[in-house]
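Each chain, written out:
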There are 2 protein chains.
Amino acid sequence: MTLPVKPAVLGLSGERFQVRYQITGTEEEARSLAQTACVEQSVEFPAELVPEGDIRDSIMGRLETFEPAGARRYLATISFAVETAGAEFPQLLNLLWGTGSFFPGFRVDRITLPPSLLANYRGPRFGAAGLRQRVNVYDRPLLCTAIKPLGLSPQHLADMAYACALGGMDIIKDDHALCDQPFCRFEQRVTLCAQAVARANEQTGLACLYVANVTAPAHEILSRALFARAAGAGGLLLSPGLTGFDALRQVADDDRVGLPILSHPTATGHCVVHPDHGFSHYVFYGQMHRLAGADASIYIHQGGRFQVRAEDCVAARDGCRDEMGPLRPIMPLPGGGMTRERIADLKAMYGHEVIFLVGGGLHRMGPDLAENVRQLIQSVR
Amino acid sequence: MTLPVKPAVLGLSGERFQVRYQITGTEEEARSLAQTACVEQSVEFPAELVPEGDIRDSIMGRLETFEPAGARRYLATISFAVETAGAEFPQLLNLLWGTGSFFPGFRVDRITLPPSLLANYRGPRFGAAGLRQRVNVYDRPLLCTAIKPLGLSPQHLADMAYACALGGMDIIKDDHALCDQPFCRFEQRVTLCAQAVARANEQTGLACLYVANVTAPAHEILSRALFARAAGAGGLLLSPGLTGFDALRQVADDDRVGLPILSHPTATGHCVVHPDHGFSHYVFYGQMHRLAGADASIYIHQGGRFQVRAEDCVAARDGCRDEMGPLRPIMPLPGGGMTRERIADLKAMYGHEVIFLVGGGLHRMGPDLAENVRQLIQSVR
């Protein structure tokens, strides 16, 4: 008893989703890798032994197009039967990246999902427009800052959040390294910070959001999200590089939570920094975040303390905004060494529908945080 | 109200854990990046503004050693206060990789955790010795195969598992692409495969393990693991590249599950294939898997259909086996294009304490799977 002797009939819909890969090498190498990937990313089986019928014709990846894209670069579009992904995000990731991740010169450039597959994803609950509504600011880009450094007490962080909110900051998020440390407990931090921002909002009449980091051990993420909601947090921060993308999806989908979600890019550098390998910014910070249900996607902007190409920032922006069936556009949230001086350039690249993250740069402006925020808001207008 | 005016006192234990980074560049560049990483991986704050006292002295990473390691390569050991990691695996990952992941030429080479930090991790429940005990084979390396290709029905996969178990296979795992597809439902597949292997074991008197893939959406991983256990599976397969490492840790820690866990490397290529960036195999397939509680770590072996360096395979092997406080050694599980012809070489590199994964190669030997397995076992002896 080994492989089927009759052609397999699986009752497939015939619908397929497409993954466009960028492949680096000679045309012969690229073409060969594209063919290999059709097998590797689906049946992962000796090609000559793949059973006849639906398995060979439909379950196996199919090379749809292959075209040159610059020196030693090719774009190959491979399609897969929607049924191979089931209704599961981890398996979709497996099909599009999977063991192909071990091929040098192999990069996920773009994904195109048909309505039947997109229907499995709730997507961003708020999206760019819903997030703006929560913040109640419509005439300029939004501003976000982080309370830090790690080591400050919950009360100190809350005081810092209060000062920023008083100055008119739109979104104040926990630093991504704040989890549940003995010197700064999650519940106390979130409670005090949410209260501090609420107090400031009463004074200012604004609707600043305090965004609590709920990146946590797998079995605690949801309970922290629910705690944050009950404590009055206005949004949640999650780092899919630490928790996996589907943990973000789980929180975003949960109606009991129902808060905007910001995604943090920590521990995702290796997914995007190699121009020939990994993921395009378009897919990684745009499309995958929308599938997972983030409402804003933080990523590293060029010209800060990390080296990122301008074209990658543009790609991240477009991945957040471009039409993607019923999945709402989300806010691009460039950060990583932003300062007041750079806001004009940022506005040129991003226009209005963006959130600028100014973290350490806010403190460099001087000791009066509320005043610093006021100046920043002025610059953003 | 901004930063503390008095030196912060946090009641830290003084205990620190160490991360050795491999940094590529000139000595000046490498030294500068090492200094930057001390700040970036911990407080992520303008260095000149980091508050005095415990935050500057202890929370901030500390460069402990810096030494050359070949042409344009340096090893920098940075220590962090154990309290910054709390008792949370995602935060440990954040500290050791985090936003440093965006620095080219930055690679996690080795981690050294003191007993107080290791005490937060249960680690492998079975480990190499416990897994061997389950399989009840002591005098040779173990053999593992995968049932595939994707597209076969649950009954067909079960028949395949039966044939392999009858031939004397030690471990039969689901292909990593088998999740819960409309043409092959999880519950039916796992039930039939577990029954088939149990039936074969009755006939052979052997203790072959059927390992069910429970890689799934975040909210379903644990329920699938419990289902698999109840259905008679002998072990579980999880892909941390798809679920995040802490999902694996959650399943491994759950006493209601209590099954050996094999980890699959799908979608982890970008973490390890760049010799100057990401993680060493030692850390990624060894140390991190032991922290997460895997009992066997599958990784790509050299000379198959992927390009991997021999030194990386040796590093993965050693990371699985070397002393790591109370965390048990686990089974290295090299795979990715293994064949009967290569077993002698594999034995030379790995000795006895290893599991060899032969997937597609088993089918290439001919249509009688039971007979193929008999021959493979013969070769391994």
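Structure: above.
Computed from a prediction, not measured in an experiment: that's the story for all the values here.

1. With respect to the sheet that holds strand E2 (residues 62-68) of chain B
Within a sheet, each strand pairs with its neighbour through backbone hydrogen bonds, oriented either parallel or antiparallel.
All names here are of chain B.
Alright, step 1. Pairing within the open sheet is mixed, and its 5 strands lie in the order E2-E3-E1-E4-E10. Strands with a single pairing partner mark the edges of an open sheet, and in this sheet they are E2 and strand E10 (278-279).
Alright, step 2. Along the sheet face, helix H1 (residues 27-40) touches strand E1 (16-24), E2, strand E3 (73-81) and strand E4 (106-112) and points at about 160° away from the line of E2.

2. A closer look at the pairing of strand E2 (residues 62-68) of chain A
Residue and element names in this part refer to chain A.
Alright, step 1. Taken together, the 6 bridges between E2 and strand E3 (residues 73-81) define a ladder with antiparallel strand orientation. Bridged to glutamate 67 within E3 is leucine 75.
Alright, step 2. The turn joining E2 and E3, which pair antiparallel and follow one another in sequence, is formed by 4 residues; a positive phi near 100° is taken by glycine 70.

3. Brief notes about unusual backbone geometry
Residue and element names in this part refer to chain A.
Alright, step 1. Cis geometry is found at the peptide bond from lysine 148 to proline 149, where omega equals 10°.
Alright, step 2. Structurally, proline 149 is set in the loop between strand E5 (142-147) and helix H7 (154-167).
Alright, step 3. Of note in this structure, glutamate 44 is not a glycine but carries a positive phi near 45°.
Alright, step 4. Residue placement: glutamate 44 occurs in the loop between helix H1 (27-40) and helix H2 (54-59).
Alright, step 5. Look at glutamate 44 and you get buried, because its relative accessible area is 10%.

4. Considerations on the environment of Tyr285(B)
Alright, step 1. With respect to the helices, strands and loops of the structure, Tyr285(B) is situated in helix H13 (residues 281-292).
Alright, step 2. In contact with Tyr285(B), other than residues within four places in its own chain, are Phe102(A), Pro265(B), Thr268(B), Val272(B), Ser297(B), Ile298(B), Tyr299(B), Ala316(B), Cys320(B) and Ile330(B).
Alright, step 3. A distance of 2.8 Å separates the side chain of Tyr285(B) from the side chain of Thr268(B), its partner in a polar contact.

5. Some words on the environment of His219(B)
Alright, step 1. Tracing the sequence through the fold places His219(B) in the loop between strand E7 (209-213) and helix H9 (221-231).
Alright, step 2. With relative accessibility at 45%, the residue His219(B) sits in the partly exposed group.
Alright, step 3. Residues His219(B) and Val257(B) lie 38 residues apart in sequence; the distance between their C-alpha atoms is 16 Å.
Alright, step 4. Once residues lying within four places of it in the same chain are set aside, the contact partners of His219(B) are Arg249(A) and Gln250(A).
Alright, step 5. Within the structure, the side chain of His219(B) is placed 3.1 Å from the side chain of Arg249(A), a separation counted as a polar contact.

6. Some remarks on the relation of the copies chain A and chain B
Alright, step 1. Take chain A, turn it by 180°, move it 0.0 Å along the axis, and it overlays chain B with an RMSD of 0.0 Å. Look at the turn and shift together and you get a two-fold axis relating the two. Considering only C-alpha atoms, the residue of chain A closest to the rotation axis is Gly244(A), which sits at 2.1 Å.
Alright, step 2. Most of the interface of chain A is mirrored in chain B, where 100% of its interface residues are also at the interface.

Rules and cut-offs
Residues numbered from 1 in each chain as written. Chains lettered and ligands numbered in written order. Predicted model: local features only at pLDDT ≥ 70, side-chain atom pairs only at ≥ 80, totals over all residues. Heavy atoms only, no water. Pairing = 2+ DSSP bridges. Helix = DSSP H or I, 4+ residues; strand = E, 2+ residues; numbered from the N terminus. Contact = heavy atoms within 4.5 Å. Axes fitted to C-alpha atoms, helices over the stretch in contact; angles between N-to-C directions. Buried < 20%, exposed > 50% of the residue type's maximum accessible area, 1.4 Å probe, protein only. Polar contact = N/O pair within 3.5 Å; in protein donor to acceptor, adjacent residues only side chain to side chain. Least-squares fit on C-alpha atoms with pLDDT ≥ 70 in both.

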